[in-house]
Amino acid sequence: MLAERVSQLNAEYARAIDDDRLESWPDFFADPCGMLKDRVTALREANIYERQAYRHLVGLPALRAGAGDAVHAETPFLVVRVMRDGSMDLFATGRYVDTMVDEGGTLRFRERLVVCDSSRVDTLLAIPL
Amino acid sequence: MLAERVSQLNAEYARAIDDDRLESWPDFFADPCGMLKDRVTALREANIYERQAYRHLVGLPALRAGAGDAVHAETPFLVVRVMRDGSMDLFATGRYVDTMVDEGGTLRFRERLVVCDSSRVDTLLAIPL
Amino acid sequence: MLAERVSQLNAEYARAIDDDRLESWPDFFADPCGMLKDRVTALREANIYERQAYRHLVGLPALRAGAGDAVHAETPFLVVRVMRDGSMDLFATGRYVDTMVDEGGTLRFRERLVVCDSSRVDTLLAIPL
């Protein structure tokens, strides 16, 4: 079912980030522009990412009817940040506003808007949410 | 499947609150009494609701056999509160203890008990959880 | 479907702990060794468990192909701790790395590794995560 496929995509996306497999992050997008890969390269070179880890908890998607074959969904999320010293904090909450397409049997994001609930965003934020 | 329908109902209920669409909140209930609408009206007039926003993360429902056509479920939840200045805190956790009925193909709550884990409840609590 | 069965198992496991039904905890394991029951007995006798309660939020499992009939899954979790005085804190986040088997129609854990994100684990930790 569609809701389940969207949930699986969300779960895999979150795992890739939480497992620090950022190189596979562009693969979740249909026709990823080079910007995504550049961002990952920059992250790796800056080594900023090593100071912390994330843990995503992703809720159930609310599906919307879309034009053509596109799938629209809105999905709540919560991200906990785990610092190297072991301290944890509630880093971000919000919702993903997504447009997805099926590419040869694989669901991918055509667009993912990450709408955070809080206006306070860590200015050094570099790891994708 | 039933578990999926219950999850969808939970997701829509949480979204309505998190999106500040409180006017649609009574619609999630079968035969809503006027009290629910009065509460929303009171909230809007008091403007209390503007000072903060919620983000619900709702877990998987555990279904119970019910008498007749009623559906019983117990579902864990977590609510983060986002204040206007951008600060976030863990506002509440607990479980929904629900009785639902199918009304012409739409699942609605006949009763929703919100059982919070903590005895510390914000005394100004007005927005439904 | 398999993902749904795994989710249901996770939901029931989390509920048993959050409802303080620790005596049913060994039942979630295939061929539970006596150690699990001993641990619960020790917890009850020590009365440590009474000082706090947990609330689990469990994410969607990512399924892996397994040898034979075994099912492998990795599932993110978040645990909030609620102290007796009503205060709450983010207690742990991480992922379950599970091997499950079907025993006469019931899915049970053959092995559950609880991998916490943080190295800071409460040294008095006794209640299973």
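This section reports on the structure supplied with the text. Along each chain, residues carry numbers from 1 onward, in the same order as the chain's sequence is written. Whichever chain is written first becomes A and whichever ligand is written first becomes 1, with later ones labelled in order. Where local features are concerned, this predicted model is filtered to residues with pLDDT of at least 70; where side-chain atom pairs are given and counted, the filter is 80 or more; whole-chain, interface and lining totals use all residues. With hydrogens and water set aside, each side-chain value is computed from the structure's full complement of heavy atoms.

Some details on the interface of chain B and chain A
Every contact between the two is made by 19 residues of chain B and, on the other side, 24 residues of chain A. Taken together, the two surfaces of chain B and chain A that pack against each other cover about 1600 Å², and 58% of this comes from carbon and sulfur. Salt-bridge detection follows one rule: a side-chain nitrogen of Lys or Arg within 4 Å of a carboxyl oxygen of Asp or Glu. Between Arg 55 of chain B and Asp 117 of chain A there is a salt bridge; the shortest N-O distance is 2.8 Å. A 3.5 Å cut-off defines polar contacts: any pair of N or O atoms within that distance qualifies, except that in protein one atom must be a possible hydrogen donor and the other a possible acceptor, and neighbouring residues in sequence count only when both atoms are side-chain atoms. If you look at where chain B meets chain A, you find three residue pairs in polar contact (both at pLDDT 80 or more). Broken down by secondary-structure element, the contributors of at least two residues to the side of chain B that touches chain A are α1 (2-18), β1 (52-58), β3 (71-83) and β4 (88-103) of chain B. Labels follow the DSSP assignment, with helices taken as runs of H or I lasting at least four residues and strands as runs of E lasting at least two, numbered in each case from the N terminus. Looking at the side of chain B that touches chain A, the element that brings in the most residues is α1 of chain B, giving six residues. Residues are grouped as follows: Ala, Val, Leu, Ile, Met, Phe, Trp, Tyr, Cys and Pro are nonpolar; Asp, Glu, Lys and Arg are charged; every other residue, Gly included, is polar. Split into classes, the residues belonging to the side of chain B that touches chain A amount to seven nonpolar, five polar and seven charged. By definition in these notes, contact holds between two residues if any of their heavy atoms fall within 4.5 Å. Here the buried area means the combined drop in accessible surface, using a 1.4 Å probe, for two parts upon being joined, counting both sides.

Re the relation of the copies chain C and chain A
A least-squares superposition brings the copies together, and it is based on the C-alpha atoms of residues with pLDDT no lower than 70 in both. If you rotate chain C by 120 degrees and push it 0.0 Å along the axis, it lands on chain A with an RMSD of 0.0 Å. A rotation of that kind, with that shift, is consistent with a three-fold axis.

Some thoughts on the interface of chain C and chain A
The interface of chain C with chain A comprises 24 residues on the first partner and 19 residues on the second. Carbon and sulfur atoms make up 58% of the surface buried where chain C meets chain A, a total of about 1600 Å² over both sides. Inspection of the chain C/chain A interface yields two salt bridges. If you look at where chain C meets chain A, you find three residue pairs in polar contact (both at pLDDT 80 or more). Where the side of chain C that touches chain A is concerned, the elements lending two or more residues are α1 (2-18), β1 (52-58), β2 (62-64), β3 (71-83) and β4 (88-103) of chain C. Among the elements that line the side of chain C that touches chain A, the one with the most residues is β4 of chain C, at six residues. Residues of the side of chain C that touches chain A, tallied by class, amount to 13 nonpolar, five polar and six charged.

As for the pattern of salt bridges
Throughout the structure, instances matching the rule amount to 37 salt bridges over all chains. Here Asp 98 of chain B and Arg 112 of chain B are joined by a salt bridge, their closest N and O atoms 2.8 Å apart. Of this pair, Asp 98 of chain B sits in strand β4 while Arg 112 of chain B sits in strand β5 (residues 106-116), and the two are 14 residues apart along the sequence. Judged by relative accessible area, Arg 112 of chain B falls into the buried class, the value being 11%. Salt bridges linked by common partners bring Glu 12 and Arg 15 of chain A together with Arg 64, Glu 74 and Arg 95 of chain C together as one network. In this scheme, a residue with accessible area under 20% of its type's maximum is buried, one over 50% is exposed, and one in between is partly exposed, where area comes from a 1.4 Å probe on protein chains only.

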